[in-house]
Amino acid sequence: MILSEKTRAAAAEAERRLAGLFSAIDETARAGTERVLDVFRKERVSESMFMPTTGYGYGDVGRDAIDRIVAGVFGAEAGFMRPALISGTHALTVGLFGLLRPGDVLLSVTGAPYDTLRPVIGMDGADGSGSLADFGVRYAEVPFAPGGGFDWDGIAAALRGEGERVRVVYFQRSKGYLDRPTLRVSEIAEAIRFVRAHAKNAPFFVVDNCYGEFTEETEPCAVGADLIIGSLIKNPGGGMADVGGYLCGTRRAAELAGNRLCCPGVGLDAGASLGQNRNMLRGLFYAPHTVAQALKTAHLAAYLFAEAGFSVNPGPFERRSDIIQTVSLGSPELLCRFCEGIQSASPVDAHVRPVPSPMPGYADEVIMAAGAFVGGASIELSADAPLRPPYTVFLQGGLTYESGRLGVMRAYESVMDAVGAQKNGK
Ligand SMILES: *Cc1c(COP(=O)(O)O)cnc(C)c1O
């Protein structure tokens, strides 16, 4: 790969400085792998579970084992992980519609939810689409406090005001594509304790866990979440799952979500796995390791670009609770150069040059770099950004650190070359 000696030296220096953090990340991956293998052994994972089923999928022992395995790995009572869940948004939809009833209130305590949930919730009002709003579920949100943490007074006021109508208290763990901090599991724990002390009833605690899985040694189920929800083309699929999502938590919440996935009466007892069991189990097996690769890739990017004077979030030495790294490049040109660099080190479509283009639902043009084995998989190295100041790119993923670092080095070199050319031109 074409890289200057200067770039290679900068990366080597970054890796020396990050060595302590990298070994802490490896330690988390070791603990995660141990947890996964313990549950696999307990559930007696064997080749017979990989057999594809069709039709109703009756007697699919792999499906039933996988449901218990995902719950076990995430410290939940029950759950399911299915190829029938086509995306994270779909999985979240199944969870919310499973738990909420007409007249209930869905209360987000982490501000605005991920963009794709707006139409699911019906945030612009009932419109006949079949959103939660159409079914008479009201939505309320408490933004983060100006300083960044939970707005405790705001949460207490919302719980007082909405009273027993609050059926679901909703958290988004990852910052997603917003400029806000990512929550650590310990912070979610604190908020759950607070809500329990202030709520008039016992609401369900639901966590959008996308991008957070395996970044810490526990998941939000361990601290009282009733349902955690995520996508298999992000962290928990380990880069190996072709499709799918998971929901797990308390037995009651998982059962209600299962009724919604399929139907009351059948719940989780049917569903053909269509040959996906092997990929899903292999993905869960790889996930702690793959997430570590993505985390190291993010730290390297943070270090190199912070050293070069760009604003990055989180900082190079901050421990993370998700795999997203932002770099603010300050100009459309540098943003495009960054994405070109990432693309050029992808295993698929490396010859393609990403260009900004209009996207449905976005006010600004968007540029995306991705060359993944699985369509849209963002556990694979990818970068995307809307073309607006301060020209912040969201970088995530990396199936192997070896490839992730090459992508980051290419992005760095491409940006630094452009910076140099700008200086010389002036
Ligand atoms: C990716 C993501 C989603 C939605 O997942 P899709 O698979 O893209 O539908 C929801 N919430 C967060 C925080 C995410 O990162």
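Everything here concerns the structure above.
Residues numbered from 1 in each chain as written. Predicted model: local features only at pLDDT ≥ 70, side-chain atom pairs only at ≥ 80, totals over all residues. Heavy atoms only, no water.

Asker: Could you give an account of the sheet that holds strand β8 (residues 311-313), naming the residues involved and the relevant values?
Answerer: Pairing is antiparallel in the open sheet, where 5 strands are placed in the order β8-β9-β12-β11-β10. The open sheet terminates on both sides in strands that have one partner only, identified here as β8 and β10 (366-370). Strand-to-strand twist across the sheet, computed as the mean angle between neighbouring axes with direction ignored, equals 15°. The pairing of strand β11 (residues 382-386) with strand β12 (residues 392-396) spans 3 bridges and is classified as antiparallel. For Ser 382, the partnering residue across the bridge sits in β12 and is Gln 396. Sheet strands in contact with helix α9 (residues 332-344) are β9 (325-328), β10, β11 and β12, and its direction is about 20° off that of β10. (Pairing = 2+ DSSP bridges. Helix = DSSP H or I, 4+ residues; strand = E, 2+ residues; numbered from the N terminus. Axes fitted to C-alpha atoms, helices over the stretch in contact; angles between N-to-C directions. Contact = heavy atoms within 4.5 Å.)

Asker: So what about the site of the ligand? Which residues, and what values?
Answerer: Residues in close proximity to the ligand include Ser 87, Gly 88, Thr 89, Leu 92, Tyr 114, Gln 172, Asp 208, Cys 210, Tyr 211 and Lys 234, which together make up its full environment. Here an oxygen atom of the ligand and a side-chain polar atom of Ser 87 are 3.5 Å apart. Contact between the ligand and Gly 88: an oxygen atom at 2.7 Å from a main-chain N or O atom of the residue. Coverage of the ligand by the protein amounts to 89% of the 380 Å² it exposes when considered alone. With 3 residues, helix α3 (residues 88-99) is the largest single contributor of residues to the shell around the ligand. Counted by class, the shell around the ligand contains 4 nonpolar, 4 polar and 2 charged residues. (Near = heavy atom within 4 Å. Polar contact = N/O pair within 3.5 Å; in protein donor to acceptor, adjacent residues only side chain to side chain. Areas by Shrake-Rupley, 256 points an atom, 1.4 Å probe, with all protein chains shown as cover. Nonpolar A, V, L, I, M, F, W, Y, C, P; charged D, E, K, R; others polar.)

Asker: An account of the pairing of β12 is requested, with residue identities and associated values reported.
Answerer: Burial analysis of β12 places 5 of its 5 residues in the buried class, the great majority of the element. Alternating residues of β12 divide into Thr 392, Phe 394 and Gln 396 and Val 393 and Leu 395, and every residue in both groups is buried. Sheet topology note: the β9/β12 ladder contains 4 bridges and is antiparallel. Across the sheet, Gln 325 pairs through a bridge with Leu 395, a residue of β12. Between β11 and β12, which follow one another and run antiparallel, lie 5 residues, and Tyr 391 among them has a positive phi close to 55°. (Buried < 20%, exposed > 50% of the residue type's maximum accessible area, 1.4 Å probe, protein only.)

Asker: Pulling in residues and values, what's your account of the sheet that holds strand β2 (residues 105-108)?
Answerer: Within a beta sheet, neighbouring strands are joined by backbone hydrogen bonds and run either parallel or antiparallel to one another. Here we have 7 strands laid out as an open sheet, ordered β1-β7-β6-β5-β4-β2-β3, and mixed in their pairing. A single partner strand is all that each edge strand has here, and the edge strands are β1 (78-82) and β3 (138-141). On average, adjacent strands in this sheet sit at an angle of 20° to one another, irrespective of strand direction. Relative to β3, β2 runs parallel, the two being bridged by 4 bridges. Bridge pairing in β3 links Val 105 to Arg 138. Relative to strand β6 (residues 227-231), α3 is tilted by about 155°, and along the sheet it contacts β1, β2, β4 (166-172), β5 (204-208), β6 and β7 (245-249).

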